[in-house]
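Remarks on the overall topology
As a plain string of letters, each chain reads:
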Amino acid sequence: MAKGFSPAAVGFKTSPMTLAADAPPRLSTALPRHDWTRDEVRALFDLPFPELMFRAQSAHRQNFDPTEVQISTLLSIKTGGCPEDCAYCPQSARYDTAVAAEKMMALEAVLQEARAAKKSGASRFCMGAAWRSPKDRDLDSVCAMVEGVKALGLETCATLGMLSAPQAQRLKDSGLDYYNHNLDTSPEFYDHIITTRTYRDRLETLDHVRRAGIHVCCGGIVGMGETREDRIGMIAVLASLPAHPESVPINMLVKVAGTPLSGESALDPIEFVRTVAVARITMPRSVVRLSAGREDMSEETQALCFLAGANSIFYGPKLLTTPNPGRDRDRELMARLGLGPME
Ligand code: SF4
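First things first, this report covers the structure right here in the doc. (Residues numbered from 1 in each chain as written. Predicted model: local features only at pLDDT ≥ 70, side-chain atom pairs only at ≥ 80, totals over all residues. Heavy atoms only, no water.)

Now for the packing of helix H9 (residues 228–239) against helix H10 (residues 269–282). It is at 10 Å that the axes of H9 and H10 come closest, and there the two elements cross at 20 degrees. Taken together, the axes of H9 and H10 lie roughly parallel to each other. Judged by the sense of rotation from one axis to the other, the crossing of H9 with H10 is right-handed. Of H10, the residues touching H9 (which contributes Arg228, Arg231, Ile235 and Ala239) are Glu271, Arg274, Thr275, Val278, Ala279 and Thr282. Residue composition of the contact of H9 with H10, grouped by class: four nonpolar, two polar and four charged. (Axes fitted to C-alpha atoms, helices over the stretch in contact; angles between N-to-C directions. Helix = DSSP H or I, 4+ residues; strand = E, 2+ residues; numbered from the N terminus. Parallel < 35°, antiparallel > 145°, perpendicular 65-115°, else oblique. Left-handed = near helix turned anticlockwise from the far one by under 90°. Contact = heavy atoms within 4.5 Å. Nonpolar A, V, L, I, M, F, W, Y, C, P; charged D, E, K, R; others polar.)

This is the structure we're talking about:
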């Protein structure tokens with residue numbers, strides 16, 4: 001937990017397990033595997049639902065307190081006008097969406113948002129910019145933001161597009177804790193979603209981030225018209241990275257008018273829960289984030305995701321440019337489920 005943060009002060013109920021002085025150690029000594037094959041991942045997806053959930057919950061309990069949820073807040077520090085063509089994204093300049101391009105936010109405005117996020121219970125503050133990759137002068141401003149947010153006692157995360165090795169090092173030197181760069185989908189389906197950068201580009205950025213000593217936040221989006229085989233492929237790649245990402249966001253596509261995926265059919269919520277469960281089993285020590293798409297998800301589906309091993313959410317009414325459940329709704333849901341913020 002961030003120093004000085006009080007869950008009760010912001011309206012969260014502290015979980016009973018957090019308070020239990022004699023709680024048994026939960027950390028499993030089993031080392032996570034990095035050699036998952038697609039056949040093995042497919043076999044997990046194909047399990048009967050009760051069996052899959054039992055295995056996911058077992059992996060979750062061996063590595064985490066299942067009543068704790070890590071809470072992050074995400075702010076768009078530079079919105080819209082992006083030259084990339086990610087088919088799901090309303091910030092691409094190539095699509096006619098309601099998102100207008102804006103200049104980068106000023107440092108003080110970002111710090112004001114970070115203070116508010118901390119007051120509302122977030123322990124990590126993520127800053128997103130709609131760039132293919134940052135220019136060096138942009139990075140000066142972002143590094144100042146990272147230093148300022150860190151000084152507030154929050155963990156810092158950034159998502160700025162592709163990074164070179166020296167850029168990753170600069171961010172590390174400014175105190176950046178996490179860098180988000182998603183693989184989005186399987187290597188095979190990737191070209192249907194993005195053509196302006198390759199899967200290999202993404203893996204290279206992840207490598208630069210890891211080598212700089214920054215924690216990796218990397219996951220994907222489901223419901224983009226991919227097949228189960230693509231979801232299997234995406235999880236198999238993530239779970240076979242030399243080190244598992246510390247954070248694995250699993251996003252449900254948010255269909256935004258004007259983007260090429262706006263008319264995509266909805267994914268079966270149970271298939272979404274299965275994806276979360278397989279991520280939990282294959283990357284047992286990673287924090288699995290129930291990420292975008294919660295606004296359109298029933299509370300029952302979200303509850304199943306927590307049971308399947310999701311243990312992080314984005315908190316706050318907006319995720320970059322798309323809606324997210326309000327703070328009151330999240331507090332109420334977490335209270336109903338007996339969940340509290342992760343220390
Ligand atoms: S997802 Fe990121 S890189 Fe892709 S279009 Fe949107 S802002 Fe640009």
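On to the side chain of Arg280. Mapped onto the elements, Arg280 comes out in helix H10. Here Gly309 takes part through its backbone oxygen, which lies 3.0 Å from a polar atom of the side chain of Arg280. Polar side-chain contacts of Arg280 include one of 3.2 Å to the side chain of Asn311. Those residues in contact with Arg280, other than ones at most four positions away along the chain, are Ala56, Ala59, His60, Phe64, Arg285, Ser286, Val287, Val288, Ala308, Gly309 and Asn311. (Polar contact = N/O pair within 3.5 Å; in protein donor to acceptor, adjacent residues only side chain to side chain.)

Each pair of aromatic rings is reported with the distance of its centres and the angle of its planes. Counting across every chain of the model gives one aromatic pair. Taking 5.3 Å as the distance between ring centres and 80 degrees as the angle between the ring planes, the aromatic pair formed by Tyr190 and Tyr199 counts as edge-to-face. The pair formed by Tyr190 and Tyr199 is uniform in burial state, with each residue classed as buried. When the ring centre of Trp36 is taken as origin, the NZ or CZ atom of Arg33, which lies over that ring, is 4.2 Å away. Over the face of the ring belonging to Tyr178 we find Arg124, whose NZ or CZ atom lies 3.6 Å from the ring centre. (Phe/Tyr/Trp six-rings, centres within 6.5 Å; stacked < 30°, edge-to-face > 60°. Buried < 20%, exposed > 50% of the residue type's maximum accessible area, 1.4 Å probe, protein only. Lys NZ or Arg CZ within 6 Å of the ring centre and 35° of its normal.)

All right, on to the site of the ligand then. In the neighbourhood of the ligand, the contacting residues comprise Cys82, Glu84, Cys86, Tyr88, Cys89, Ser92, Ala130 and Arg197. Looking at side-chain class alone, the shell around the ligand contains five nonpolar, one polar and two charged residues. (Near = heavy atom within 4 Å.)

For the rest of this paragraph, the subject is the side chain of Ser312. Residue placement: Ser312 occurs in strand S9 (residues 312–314). Classification of Ser312 as buried rests on a relative accessible area of 0%. Ser312 has contacts with Val69, Gln70, Val287, Val288, Arg289 and Leu290, leaving out every residue within four places of it along the chain.

Within a regular beta strand, the side chains point alternately toward one face of the sheet and then the other, so they alternate between its two faces. Most of strand S7 (residues 247–252) is tucked away: six of the six residues are buried. Here S7 shows a buried face lined by Ser247, Pro249 and Asn251 and a second buried face lined by Val248, Ile250 and Met252. Across three bridges, the pairing between strand S6 (residues 220–222) and S7 is parallel. Of the residues in S7, the one forming a bridge with Val222 is Met252. Note that the unit made of S6, H9 and S7 has a crossover that is right-handed. Bridge analysis of S7 against strand S8 (residues 287–290) gives four bridges, and the strand direction is parallel. Across the sheet, the residue bridging to Ser247 is Val287, located in S8. Note on the crossover from S7 through H10 to S8: the handedness is right-handed. (Pairing = 2+ DSSP bridges. Right-handed = clockwise from strand over helix to strand, strands pointing away.)

Read these as geometric descriptors, not functional statements.
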